[in-house]
Amino acid sequence: MSSNLGQETRLAFAEAKQGQVFRFWDKLNQVEREALVSQANQIDLIELREGLQQALNLDLSEAQSFANIKPTPWISLPADLDSEHCWKDAHEQGEELLRKGRVAAFTVAGGQGTRLGYNGPKGAYPVTPVTKKPLFQVFAEKLKAAEKRYGKNILWFVMTSEANHSQTKEFFNQSNYFGISSSSIRFIQQGMMPAVLETGEIILESPSRIAMNPDGHGGSFRALANSGATEEMIKKGIEIISYFQVDNPLAPFLEPSFLGFHASTGSQMSSRAAPKTGPEEKVGVFCLRNGSLTVIEYSDLPEKLACHMQSDGTLTFKAGNLAMHAIDPSFAHKLGKRTHDCKLPFHAARKKIPTIDEKGNPVSPKKPNGIKLETFVFDALPFAKNPCVIEVSRQDAFSPVKNADGIDSILTCQADQLRKFARWARAVGAEIDTDASGLPSINFEISAGFALDHEEFALRWEEVGKPSILEGTVFT
Ligand code: UTP
């Protein structure tokens, strides 16, 4: 066995007071040693030290910095003739960008999906009410429908992480790329960060394995830049990255009005928002901090501010972040390359991290024992020129699958899909009984291949002869 294996790495770790990572070295076989060294080599020890320091300081400074926050102005949904004109202009501008092939789709799907607890990539999770199509298929169908409508191929970037990269690729492969040309899809892998104790020591998951987690959805900038994606986009004349999360089948990515507003305001990063359902809703809020657009996570917003009301009875901090953004590829590239003045901060999430005891035996902690370090995509907003927030109708755009049951689970998401299908069908005269929340008493499904929006549904409805029985129907 070569005694020099990983010598430099081990030395660097010892100097950085991380020598404990190799404390079982003498008991490891060659394969285990190689695996551990290769994992350790992925870690940037300086970034880790600085990132943790910053995350812990952020914890302290955030608590003190709520004096300087104000609600943000946003472009609200059309309410009068003037605003209807603005939305129409934005829509036309967005459609023009799509016709010229200036937009790429970008799904972030590298998360661990711990709350859902599904055995496989989240994008493979069956989500539609009748045919149980997986999330990735729902997006693929929207993408294909947009390609057809605008007469252009659209590149689709899918961000994965070490934990699900090969499974995700395999899933697309087995599903024949859902009918999209495989040459239009790019899988890009995000980076990983080691989990640490409060003291900064890296945690071992087993004697030969470091506990690591994906570096957060903010890692998408680095993944886009390091994989060559942003360069490819810039070369191909793509001006907007349409960013959305893998867990929201209603996500209206490639939506023309949003793209149009983003372009016409000269924004480098724009975001969609909807009024929060109440102070307790678990979404971050857009606000101005020291004059800069920023998002404050629900867990960080003091209760007093979360509950604060305006004179009209609406929440003062109501602009809920729905995790849909339009991003300029050059801006993404600059952030991804982390030039000195442009680094996303790390945040500390205290979690239960499976580890080992001093003898190397597995330990499943009952309470949080360590810190996961993550960056957040919305922390890019303060770096962006003219960042812009644009309202979207929540019922049409947002119903994520986060949990195995309860709020934001498959049940609430399927109900929201059904409500949307029912609204479209009732608008064209279909007789459907619904409860007070708009939930239909029947189960049916409308695929994006049939209609991308309610206007198209109205046209296709006539074409298919206004069917009278909808129970179990799949419009495809
Ligand atoms: P969430 O914060 O909901 O995390 O991610 P999650 O990993 O899906 O689920 P939990 O918290 O472990 O239960 C929001 C979106 O950001 C992506 C996720 O895949 C999801 O689309 N994400 C999150 C990444 O792509 N990478 C990350 O490191 C974190």
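Residues numbered from 1 in each chain as written. Predicted model: local features only at pLDDT ≥ 70, side-chain atom pairs only at ≥ 80, totals over all residues. Heavy atoms only, no water.

A. Expanded view of the overall build of the chain. Within the chain, the secondary structure is distributed over 14 helices and 20 strands. Here the C-alpha radius of gyration of the chain, 24 Å, is about what a compact globule of 476 residues would show, namely 23 Å. For the chain, the spread of C-alpha atoms along the three principal axes comes to 75 × 50 × 45 Å. By residue count, 52% of the 476 residues in the chain fall in the buried class. (Helix = DSSP H or I, 4+ residues; strand = E, 2+ residues; numbered from the N terminus. Rg over C-alpha atoms; globule rule 2.2 N^0.38 Å. Buried < 20%, exposed > 50% of the residue type's maximum accessible area, 1.4 Å probe, protein only.)

B. Up close: empty space enclosed by the protein. In total, this model carries 2 cavities of 30 Å³ or more according to the counting rule given. If you list the elements that add at least two residues to the lining of the largest cavity, you get α7 (219–226) and α11 (329–336). The element that contributes the greatest number of residues to the lining of the largest cavity is α7, accounting for 3 residues. Among the residues making up the lining of the largest cavity, the classes are represented as 4 nonpolar, 4 polar and 3 charged. For the second largest cavity, the full set of lining residues is Ser 242, Tyr 243, Phe 244, Pro 252, Phe 253, Leu 254, Glu 255, Phe 258, Arg 272, Met 324 and His 325. Residues belonging to the lining of the second largest cavity are distributed by class as follows: 7 nonpolar, 2 polar and 2 charged. (1 Å grid on protein atoms, 1.4 Å probe; cavity = no way out; pocket = protein on both sides within 12 Å on 5 of 7 lines; lining within 4 Å. Points joined across faces, edges and corners; volume = space filled by probe spheres on them. Nonpolar A, V, L, I, M, F, W, Y, C, P; charged D, E, K, R; others polar.)

C. Up close: the layout of surface pockets. Here the second largest pocket defines a volume of roughly 1,200 Å³. The wall of the second largest pocket is formed by 46 residues, among which Glu 255, Trp 424, Leu 452, Asp 453 and His 454 lie closest to the centre. Mapped onto the lining of the second largest pocket, the elements with two or more residues apiece are α4 (81–99), α5 (135–150), α9 (256–264), α12 (394–397), α13 (410–427), β19 (445–446) and α14 (454–463). Grouping the constituent residues of the lining of the second largest pocket by class yields 23 nonpolar, 8 polar and 15 charged.

D. Spotlight on the nonpolar core. Counting residues in hydrophobic clusters, the biggest one holds 51 residues, and the most contacted among them are Phe 136, Trp 156, Phe 172 and Leu 254. For this core, the element with the most residues is α5, which contributes 8 residues. The next biggest cluster of nonpolar side chains, apart from the first, holds 35 residues, and it includes Phe 106, Leu 224, Ala 229 and Leu 293. (Core = buried A, V, L, I, M, F, W, Y, C linked by side-chain atoms within 4.5 Å.)

E. Broad picture of the pattern of salt bridges. For the structure shown, the criterion picks out 24 salt bridges. Here Glu 239 ties to Arg 102 by a salt bridge, and the two come within 3.1 Å at their closest N and O atoms. Note that Glu 239 is positioned in the loop between α8 (229–235) and β9 (240–245) and Arg 102 in the loop between α4 and β2 (103–108), a separation of 137 residues in sequence. Classification of Arg 102 as partly exposed rests on a relative accessible area of 26%. Connected through shared salt-bridge partners, Glu 47, Arg 222 and Arg 338 make up one network. (Salt bridge = Lys/Arg side-chain N within 4 Å of Asp/Glu carboxyl O.)

F. Structural detail: the packing of aromatic side chains. Applying the stated criterion across every chain yields a total of 24 aromatic pairs. With 6.5 Å between their ring centres and 65 degrees between their planes, Phe 136 and Trp 156 make a pair best called edge-to-face. In this pair, Phe 136 sits in helix α5 while Trp 156 sits in strand β3 (residues 156–160), placing the two residues 20 residues apart along the sequence. One exposure class covers both Phe 136 and Trp 156, and it is buried. Each residue in the set Phe 136, Trp 156, Phe 171, Phe 172, Tyr 177, Phe 178 and Phe 187 is aromatic and connected to the rest through ring pairs, giving one cluster. We note Arg 289 situated over the ring of Phe 66; from NZ or CZ to the ring centre the distance is 5.4 Å. (Phe/Tyr/Trp six-rings, centres within 6.5 Å; stacked < 30°, edge-to-face > 60°. Lys NZ or Arg CZ within 6 Å of the ring centre and 35° of its normal.)

G. Quick peek at the pairing of strand β4 (residues 185–189). In terms of strand pairing, β3 meets β4 through 5 bridges, oriented parallel. Note on β4: the bridge partner recorded for Trp 156 is Ile 185. Crossover β3 to β4 through helix α6 (residues 165–174) is right-handed. (Pairing = 2+ DSSP bridges. Right-handed = clockwise from strand over helix to strand, strands pointing away.)

H. Examining the site of the ligand more closely. The local shell around the ligand holds 18 residues, among which Gly 110, Thr 114, Arg 115, Gln 190 and Lys 402 are the closest. In the model, an oxygen atom of the ligand is placed 2.8 Å from a nitrogen or oxygen of the Val 108 main chain. Take Gln 190: an N or O atom from its side chain is 2.7 Å from a nitrogen atom of the ligand. Coverage of the ligand by the protein chains reaches 87% of its 560 Å² of free accessible surface. Residues of the shell around the ligand, tallied by class, amount to 5 nonpolar, 9 polar and 4 charged. (Near = heavy atom within 4 Å. Polar contact = N/O pair within 3.5 Å; in protein donor to acceptor, adjacent residues only side chain to side chain. Areas by Shrake-Rupley, 256 points an atom, 1.4 Å probe, with all protein chains shown as cover.)

I. Up close: the packing of α7 against α11. As a packed pair, α7 and α11 sit with axes 7 Å apart at the nearest point and diverge in direction by 100 degrees. Relative to α11, the element α7 is oriented roughly perpendicular. Residues Phe 221, Arg 222, Leu 224 and Ala 225 of α7 form the contact with α11, whose own contacting residues are Ala 332, His 333, Leu 335 and Gly 336. A per-class count over the contact of α7 with α11 returns 5 nonpolar, 2 polar and 1 charged. (Axes fitted to C-alpha atoms, helices over the stretch in contact; angles between N-to-C directions. Parallel < 35°, antiparallel > 145°, perpendicular 65-115°, else oblique. Contact = heavy atoms within 4.5 Å.)

J. Inspection of the side chain of Asp 247 at higher detail. With respect to the element layout, Asp 247 can be found in the loop between β9 and α9. The class for Asp 247 is buried, based on a relative accessible area of 5%. Reaching out from Asp 247, the side chain makes a polar contact with the side chain of Lys 122 at a distance of 3.4 Å. Here Asp 247 is in contact with Lys 122, Leu 135, Ser 399, Pro 400, Val 401 and Lys 402, once residues within four sequence places are set aside.

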